[in-house]
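# Coordinates in review
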Amino acid sequence: MKFNMVTAKGFQRWIGWGLPYLAALTVLMTAIGLYLVFFQTPSDYQQKETVRIMFVHVPSAWLALGIYAGMGVLNLMGFVWRSPLLFLSARAIAPIGFVFTLICIATGMLWGKPMWGAWWVWDARLTSVAILGFLYAVYMLLTHTYGSNEASLKVGAIISLIGCINLPIIKFSVNWWNTLHQGASVIRMDGPSIHPSMLIPLLIMAAAFSMWALTLSCLRIQGFLWEQRLQSKRLRQIINSMREVPSYV
Amino acid sequence: MVFYYTTTEMLLKAPRETEKVRLGGMVKSQSLKKYDDQRIEFIVSDFVEEIKVFYRGSLPDLFREGQGVVAEGYYLSSGDFKANTILAKHDETYRPPTINDNGFKGSNSINGGGAQ
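Please read these numbers as outputs of a predicted model, since none were measured by experiment.

### Quick word on the pattern of salt bridges
Counted under the stated rule, the structure contains nine salt bridges over all chains. The salt bridge partner of Glu150 of chain A is Lys154 of chain A, with a shortest N-O separation of 3.5 Å. In this pair, Glu150 of chain A and Lys154 of chain A are both assigned in helix H5 (residues 150-163), four residues apart and thus about one turn of the helix distant. For Lys20 of chain B, the salt bridge is made with Glu72 of chain B, and the minimal N-O distance between the two is 3.5 Å. Of the two residues, Lys20 of chain B is situated in strand S2 (residues 20-27) and Glu72 of chain B in strand S6 (residues 68-75); the sequence distance between them amounts to 52 residues. You can call Lys20 of chain B partly exposed: its relative accessible area is 49%. Where salt bridges share partners, they join Lys20, Arg22 and Glu72 of chain B into one cluster.

### Looking at the side chain of Asp46 of chain B
Residues and elements named next belong to chain B. Topologically, Asp46 is positioned in the loop between strand S4 (39-45) and strand S5 (50-56). Here Asp46 sits buried without a salt bridge, and the closest side chain of opposite charge, Lys28, lies 11 Å off (N-O distance). Of the polar contacts made by the side chain of Asp46, one reaches the backbone nitrogen of Val48; its length is 3.0 Å. Aside from chain neighbours lying at most four places away, what touches Asp46 is Thr6, Thr7 and Thr8.

### Things to note about the interface of chain A and chain B
Between chain A and chain B, the contact holds 42 residues from the first and 36 residues from the second. Around 3,200 Å² of area is buried between chain A and chain B when both sides are counted, 56% of it from carbon and sulfur atoms. Among the residues chain A hides against chain B, the three largest losses belong to Tyr45, Gln46 and Asn178 of chain A. Together they make up 24% of the total. Put simply, Glu92 of chain B and Arg188 of chain A hold a salt bridge, and the shortest N to O gap is 3.3 Å. There are 13 residue pairs in polar contact (both at pLDDT 80 or more) connecting chain A and chain B. With four residues, helix H6 (residues 166-176) of chain A is the single largest residue contributor to the side of chain A that touches chain B. Looking at the side of chain A that touches chain B, its residues break down into 23 nonpolar, 14 polar and five charged.

### Digging into the pairing of S4 of chain B
Residue and element names in this part refer to chain B. Counting buried residues along S4, five of its seven residues qualify, which places the element largely inside the surrounding structure. Here S2 runs beside S4; their pairing, made up of two bridges, is antiparallel. Within S4, the position partnered with Val27 by the bridge is Val44. Across two bridges, strand S3 (residues 33-34) lies against S4 in antiparallel orientation. Within S4, the residue paired with Lys33 across the bridge is Glu41. Linkage of S3 to S4, two consecutive antiparallel strands, is achieved through a turn of four residues, within which Asp37 is found at a positive phi near 70°. Where S4 meets S5, seven bridges bridge the pair, whose relative direction is antiparallel. Residue pairing for S5: Ile43 is matched across the bridge by Lys52. Here S4 hands over to S5 after four residues, with Phe47 in that stretch at a positive phi of 70°.

Definitions and limits used
Residues numbered from 1 in each chain as written. Chains lettered and ligands numbered in written order. Predicted model: local features only at pLDDT ≥ 70, side-chain atom pairs only at ≥ 80, totals over all residues. Heavy atoms only, no water. Salt bridge = Lys/Arg side-chain N within 4 Å of Asp/Glu carboxyl O. Helix = DSSP H or I, 4+ residues; strand = E, 2+ residues; numbered from the N terminus. Buried < 20%, exposed > 50% of the residue type's maximum accessible area, 1.4 Å probe, protein only. Lys, Arg positive; Asp, Glu negative; His and termini not counted. Polar contact = N/O pair within 3.5 Å; in protein donor to acceptor, adjacent residues only side chain to side chain. Contact = heavy atoms within 4.5 Å. Buried area = accessible area lost by both parts, 1.4 Å probe. Nonpolar A, V, L, I, M, F, W, Y, C, P; charged D, E, K, R; others polar. Pairing = 2+ DSSP bridges.

Structural measurements only, silent on function.
Next up, the structure:
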């Protein structure tokens, strides 16, 4: 079976076929991840049980960044291939990334107060992630206010591409500046500084969160495509009814 | 755009006593002194320079010797630091407790050493 994903119809056929599998995989991975986190991972030598917030906080952060990068890619390809579907997809996935950003910040605050002694500080890491949330919000406001109007999607696309400069800033903020937030534990020169007994569940939770993002993205894109088909149907009905009215010359 | 100064940076910058700044570094082992009234003294080090810190108040759970710390307060003309707020900074190492509690992979440094 060959689905042409780049067309709206092709994508909808792919989704119709694949969505149940995506959903099942999402539930499965989440169940495995949560089981591991609560029953199979050790407590931390320093933070004891509080460390378990990491298994939600870190994957949320990765997804928040990843979805913003994904939006950038979709928007860039939208310009390159001149495909409205790609701009529309970027619009569809933005709220998902925004929610992951909020989860990251909320879990971070819950973690920071007992561990650091502060709910929030304006160090480089936290500030740049707050900016990411702001960038998501601006993009969503713009594309929502004007609907899936192609001009607003393109302006939003440009803003999202410029905003991508924030992604390496977030990643390297803990190196370039003195921050309260600790340095990288996974992607670093000396290799991960997380013990495998914690690293594996972390990666599984990240995979589970990614499945959530993928399943919800497909659902949302499908929703927008249905909305567009409905709108063009309505438009055709209006035009047809106008034709029926006799025009008196 | 500075969140905190290391001890070396603080000595270089030498801010006025009236300027609120933050000092970050490692709590030097065996330097912590506790007095009545929740008053404490300790030395902050970046393994190059040291500054003595005075503080009165409650401490975060993770605060202890050999641990990272960020103190917010004022750099006195005597060269010491008077802190109003103490924040504990932990490094990027996560591991289960061991009997020896020897360091596992992880730099235990303040500024995310070794990050890509």
